[in-house]
Structure formats: structure tokens, C-alpha cells
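# Inside the fold
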Amino acid sequence: MSKALKFRVVFAAIAVCATLAVVMPASFGVSAESKKNVAPIIRTTPAAPVFDEKERLAELSQRRAKVAQSIGPKAMLIMLSTEPRVYANDVEYHYRQENNLYYLTNLKQRNATLVVLPGNTQTPEILFLPRRNPGAETWTGHMYGAEEANGISGVQEIWEASEFKPFIEAIRNRQPYRPKTENILMSPLPAETQMTNGNGFTALLEAAGKGEAGLYMLMSTARDSESREYKYEQRFVTDWVKSASGYSVKNAWPIFVEMRLRKSPMELRILQHAIDISTEAHQRAWAAAGDAKWEYEVDAEMAYTFKLRNADNWGYPDIVGCGPNATTLHYETSQGPVKRGDLLLMDVGAEYGHYTADITRTFPVNGKFTPDQATVYQIVYDAQEAVARASKPGATLSDVNRAGTEVVKEGLLKLGLITDKNSNQHRIWFMHGTSHWLGMNVHDVGGGAKFEPGMTFTNEPGIYVRLDALDYIPFGWKPEDWEKFKTAIRPAFERYKGVGVRIEDDMLITADGVKWMSAALPRKISEIEDFIAKARRASE
Ligand SMILES: [Mn+2]
């Protein structure tokens with residue numbers, strides 16, 4: 001929460017500066033970049049990808065065709081826009097479209113609804129869109145007109161949003177539907193098209209008559225619990241089941257999982273851009289950390305870079321933790337002190353065009369690893385290398401996790417932080433897996449799929465020697481074993497306590513192995529030390 005507020009404050013500050021620059025071009029017209037005196041070694045984000053409009057629309061159309069093929073002519077898919085999320089009272093978070101609707105349409109506006117009816121010969125895709133309203137636009141900004149929505153999404157049949165309800169009522173009652181002309185905002189069909197011959201609805205309605213029709217919607221995968229993200233879909237389905245017969249409700253989720261797992265070249269370029277923005281942000285933060293007294297000063301450099309490079313947002317709240325704070329996995333407060341001799345862990349990723357980077361680096365605040373810090377870091381680094389070696393078509397996230405975890409275990413044994421490699425002792429110091437899928441969500445869809453070219457995931461082993469690690473008996477331990485264990489590892493604990501290291505890179509499976517998409521951000525100990533020395537020298 002405080003993060004969102006901080007974002008607003010930073011954004012407001014940038015907005016004020018931008019306004020001043022316009023008002024007083026002579027004195028304030030200096031670009032942010034030259035003003036900030038950035039070291040030449042910092043990698044400027046390359047230009048944002050630009051797509052050929054025809055190719056982009058063809059890809060969206062292919063995605064919808066694939067979905068249509070998956071659900072078949074006897075079914076209908078309904079995709080609702082995300083409801084705005086409340087920050088507090090009448091203040092909302094900035095609007096972010098539901099991923100799968102965006103994936104099919106690139107439409108960012110709220111209250112747009114897509115219906116896919118593969119068996120419908122005349123209107124196989126219908127977009128319901130609120131009519132433009134100058135009054136509303138005065139307050140909340142531009143709304144799509146039908147032409148614009150068609151230009152962005154390629155959907156040709158566009159009906160006024162208020163028609164969704166009567167449309168659904170008709171389908172529920174197994175009747176065809178077409179709105180009166182003034183509520184058809186766009187259609188390739190002649191204006192005088194009448195409701196004859198079922199208007200193409202025959203396949204769906206006949207199937208419903210036989211109890212064979214399907215209604216596909218996005219639903220929570222967790223059974224018996226209310227979905228955190230798909231409440232409105234759940235409510236729609238609950239109502240539907242009460243009032244309609246002949247349709248069985250099906251979860252559209254697996255269809256999108258299959259598709260989104262394999263990233264197209266277009267998606268990969270967008271993701272790469274998110275990674276590039278994040279890379280510059282991390283590098284600027286390393287340079288800035290030399291003078292910082294507080295974690296938020298370093299974090300501010302990240303937020304600044306995201307705005308400067310037109311990122312939509314972060315993909316997840318920034319994690320910037322110094323010293324012992326680095327041992328808290330999802331530390332988000334960033335209000336602790338930055339101390340010279342400590343390590344600073346930053347797990348920060350920009351979101352661009354609905355795709356998010358997920359990158360972590362851990363570096364010494366003063367620019368030089370101590371021998372003990374370096375030892376722990378090198379184990380995590382080697383674990384990453386093991387994950388990369390195991391990453392190739394056919395392997396799974398569990399395979400690469402096993403490979404990376406093995407290296408962490410060996411390292412922990414050498415450090416003296418565990419006494420038995422063939423046990424779960426390592427979970428005290430490394431409590432997460434090395435990898436998750438990456439894409440439109442930071443923890444993206446994909447489950448246990450086998451790697452294929454075009455799949456993207458993270459490589460993020462870590463070791464966290466929490467100060468309180470020995471204060472509580474972990475779940476599943478016998479008290480006498482725990483006492484023995486504590487005594488055995490106490491010297492190593494005293495030596496390494498407060499050290500937290502995670503290194504995280506974004507990986508793309510290729511035909512014969514894996515590509516490090518975040519390779520531009522230094523990762524080797526010597527490279528990080530060199531980089532920091534050069535970046536800070538340049539800004540003195
Ligand atoms: Mn991650």
C-alpha cells in the first residue's frame with residue numbers, strides 16, 4: 001500500500017517537473033537524462049518495440065481463432081474486463097486490463113466485453129463497448145470509439161455495452177439476438193440485416209436444445225474458494241447456472257494456459273523491453289546506492305527509471321532490502337538503513353505492454369564483496385549456472401529446480417549451515433524453488449509443462465541466513481534433532497547470519513538450450529564490482 005502511495009508521489013513530482021519544462025522551456029528544457037549525469041557505463045534502454053500493424057492484428061486474430069477452435073461451434077466464450085480496484089474510498093489503482101482479454105484484443109479500457117461464438121456464421125466475435133461519453137471523458141479520460149476499438153483489436157462486430165444484458169438473456173432463452181440499429185456501433189453486416197434464420201445462432205442454440213452447449217469463462221482454479229481475480233466471472237456463472245439450461249459451464253483457463261505458455265516473437269520483444277527497462281533501473285540503483293542512507297532512496301531510482309522509460313508500472317511491488325532485510329523474501333517496506341558493509345538485495349521488475357520482468361541482484365553497498373559475502377554469493381551463482389545447464393526443450397521446472405537446489409545443498413554443507421545433504425535441512429536457508437513461469441503475470445500460467453522453445457521462466461536460487469532462523473523449531477523437526485542441528489551449525493550461523501543473497505534472471509527456452517534475457521545486467525562478482533566502481537567514479 002505504501003508503495004502505491006509512494007508511486008503516486010513520485011509520479012506527481014515528475015508531472016510537476018514536466019509541466020514546468022513546458023511552461024519554461026528555456027530554463028527547464030533539459031532532458032532528465034543529461035540533468036542526472038548518468039555514467040556512460042549504464043545501459044540506456046533501447047527504443048520500445050514497434051510492430052507492423054497488419055502483423056499485430058493478424059496475431060490477435062490468430063489467437064482468437066485458436067480459442068474458437070478450442071471451444072468449438074457448440075460453445076460460447078465470455079471475457080469480462082477487470083473491475084477497477086479500489087485503493088481507498090473513491091480512489092482507484094490505475095486500471096489494468098484482465099490479461100486474457102488483453103491477450104485477445106489489446107484493449108485496455110474498462111467495461112469492454114468480448115464474446116466468441118465459433119459456431120455463429122454471421123457474428124463469430126462480438127465486442128460490447130460503452131458508447132463514448134464526453135461528460136465521462138472530461139473526468140476520466142479518453143474512451144474508445146468503435147473505429148478505434150476495431151483498429152486496436154481487429155474485432156469487427158461492436159455493440160453498445162448495454163446490449164450485453166439483453167443478448168445474454170436471449171441466449172439463455174435459446175433465442176437469437178441482434179440489437180436495434182442505433183446500438184450497433186460497427187458491423188460488416190448490412191444495416192438492414194434482419195433476425196431471420198437465427199442470424200447465425202443456430203449451431204449454439206440447437207446444441208443448447210440438446211443439452212450439449214458450453215459456456216466458457218475464466219474461473220478460479222482453486223475449488224471451493226472465491227477467486228481473488230475472477231469474482232465477477234464467478235457471479236456471472238452462478239447466475240447462469242440458476243437460470244439457464246442446456247449449457248454446461250467450462251473453465252476457459254486451460255485454453256489460455258496452453259497458449260500463453262508459448263510466447264510469440266512479438267510477445268518476446270515486449271517482454272525483452274520490460275527486461276531492458278528493468279536492467280537500466282537496476283544499474284542506476286547500483287550507482288545511486290553508494291550515497292544512499294535509506295533503502296527508499298535506492299528504490300526511488302527504480303521508480304524514476306520506470307517512469308522515465310514509460311513502463312506501465314512495476315510487475316510486482318519492489319523488494320529492496322539491505323543487510324538482514326535481504327533475508328525476508330517479500331520485504332516491501334524499503335524503509336531500513338543502507339549500511340556500507342552490507343549486501344543490498346533488489347528484486348525489481350518493470351511491466352511493459354502487460355508483460356513483466358522479474359530480476360534480482362544482490363550487491364555490496366560499498367562496491368566490494370567481503371570474502372564471506374562472496375562465498376555465499378558464489379554458491380547462488382553456481383546454482384543459477386546449474387539451472388541454466390538443465391534448461392532445454394523437454395525438461396521441466398522441477399528438473400531445473402532439482403539441479404539448482406543440489407548446488408545450493410552442496411554449498412550449504414561446505415559452509416557448515418547444514419549437516420546432511422540428503423535431508424530437507426537446506427529448506428531453512430533456501431525456502432523457495434529456483435523457477436516459475438514468467439509472462440503477463442510475474443508468476444505466470446504453465447504448471448508442470450515440458451519446456452519448448454518460446455517458453456519463459458525465472459532462474460532464482462537464493463540463500464537467506466535469517467537472524468531469527470534458530471529461534472523457532474521448523475515444522476516437522478523433532479526437538480532433540482533440532483537441538484543437535486543447532487549446536488552443529490552454530491559457528492557457521494554466527495559467521496553468516498544476516499546475509500541474504502538471491503540472483504534472479506529471466507530465461508527463454510530456445511531450440512537447443514536457453515537464452516538469458518537479462519544477460520545485460522552484470523552478474524559475476526568481478527563484473528558487479530567493476531561496474532559499480534566505474535558507475536560511481538563517473539558520477540563523482
Ligand atoms: Mn521471481
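Residues numbered from 1 in each chain as written. Predicted model: local features only at pLDDT ≥ 70, side-chain atom pairs only at ≥ 80, totals over all residues.

When the parts of a complex come together, some accessible area is lost, and that lost area is often taken as the interface size. Considered domain by domain, the protein is made up of domain 1 (2-30), domain 2 (72-259) and domain 3 (263-416 + 434-462 + 500-538). Between the C-alpha centres of domain 2 and domain 3 the distance comes to 38 Å. Opposite the 6 residues of domain 2 that make contact, domain 3 presents 7 residues. Of all the secondary structure elements, the ones that give two or more residues to the side of domain 2 that touches domain 3 are α5 (99-105) and α11 (253-261). The element that contributes the greatest number of residues to the side of domain 2 that touches domain 3 is α5, accounting for 3 residues. Its residues placed into classes, the side of domain 2 that touches domain 3 shows 4 nonpolar, 2 polar and no charged. (Domains from an automatic or database assignment. Contact = placed C-beta atoms within 7 Å. Helix = DSSP H or I, 4+ residues; strand = E, 2+ residues; numbered from the N terminus. Nonpolar A, V, L, I, M, F, W, Y, C, P; charged D, E, K, R; others polar.)

Quick look at the pairing of strand β5 (residues 125-129) now. Of all 5 residues that make up β5, 5 are buried, and the element is covered over most of its length. Pairing of strand β4 (residues 113-116) with β5 involves 4 bridges; the strand directions are antiparallel. From the neighbouring strand, T113 faces β5, where its bridge partner is F128. Relative to strand β6 (residues 158-160), β5 is paired through 3 bridges, and the arrangement is parallel. Looking at β6, one finds that L129 is bridged to E160. (Buried ≥ 20, exposed ≤ 12 C-beta atoms within 10 Å, placed from the backbone. Pairing = 2+ DSSP bridges.)

Before going further, it helps to examine the sheet that holds strand β9 (residues 247-251). One open sheet holds the 7 strands; their spatial order is β7-β6-β5-β4-β1-β8-β9, and the pairing between them is mixed. Two strands close off the open sheet at either side, each with one partner strand: β7 (184-186) and β9. Adjacent strand axes in the sheet meet at a mean angle of 25° when their direction is disregarded. Here β6 pairs with β7 via 2 bridges, running antiparallel. Of the residues in β7, the one forming a bridge with I158 is M186. Sheet contacts for helix α10 (residues 231-243): β1 (75-80), β8 (213-217) and β9; angle to β8, the most-contacted strand, approximately 160°. (Axes fitted to C-alpha atoms, helices over the stretch in contact; angles between N-to-C directions.)

Another point: the nonpolar core. Residues M76, L77, L344 and I463 are the most contacted members of the largest nonpolar core, which totals 132 residues. Of all the elements, helix α12 (residues 265-289) adds the most residues to this core, at 11 residues. Of the residues that make up this core, three or more belong to each of domain 2 (72-259) and domain 3 (263-416 + 434-462 + 500-538). (Core = buried A, V, L, I, M, F, W, Y, C linked by C-beta atoms within 7 Å.)

Moving on to helix α9 (residues 202-209). Those residues of α9 not exposed but buried are L204, L205, A207 and A208. Down the axis of α9, the smallest arc covering the buried residues is 160°, so these residues share one side. Those residues of α9 that are buried are in contact with β1, β8 and β9. At the exit of α9 stands G211, carrying a positive phi of roughly 75°. (Arc of directions from axis to C-beta.)

For the rest of this paragraph, the subject is unusual backbone geometry. Positive phi values are uncommon outside glycine, yet N89 reaches one of about 50°. Looking at where N89 falls in the secondary structure, it is placed in the loop between β2 (86-88) and β3 (91-92). Here N89 falls in the exposed class, since 6 other C-beta atoms lie within 10 Å of it. Positive phi is not limited to glycine here, since N310 has a value of about 65°. In this structure, N310 sits in the loop between α13 (295-308) and β10 (313-314). Overall, the presence of 12 C-beta atoms within 10 Å leaves N310 in the exposed class.

For the rest of this paragraph, the subject is helix α17 (residues 525-538). One turn of the α-helix equals 3.6 residues, which is why residues spaced by three or four share an orientation. Between its first and last C-alpha atoms α17 spans 20 Å; for 14 residues at 1.5 Å apiece the expected length is 20 Å, and the two agree. Inspection of α17 places I528, F531, I532 and A535 among the buried residues, and these make up the whole buried set. Axial view of α17: buried residues confined to an arc of 95°, hence all on one face. In α17, those exposed residues whose orientation departs by more than 90 degrees from the buried face are S526 and R537. Of the surrounding secondary structure, the elements contacted by the buried residues of α17 are α12 and β15 (360-364). (Expected span 1.5 Å × (residues − 1).)

The subject of this paragraph is the sheet that holds β10. Strand order in the open sheet made by the 3 strands is β10-β13-β14, with antiparallel pairing throughout. Two strands close off the open sheet at either side, each with one partner strand: β10 and β14 (355-356). Looking at chain direction, β10 and strand β13 (residues 350-352) are connected through 2 bridges and run antiparallel. Residue W314 lies in a different strand from β13, and its bridge partner there is A350.

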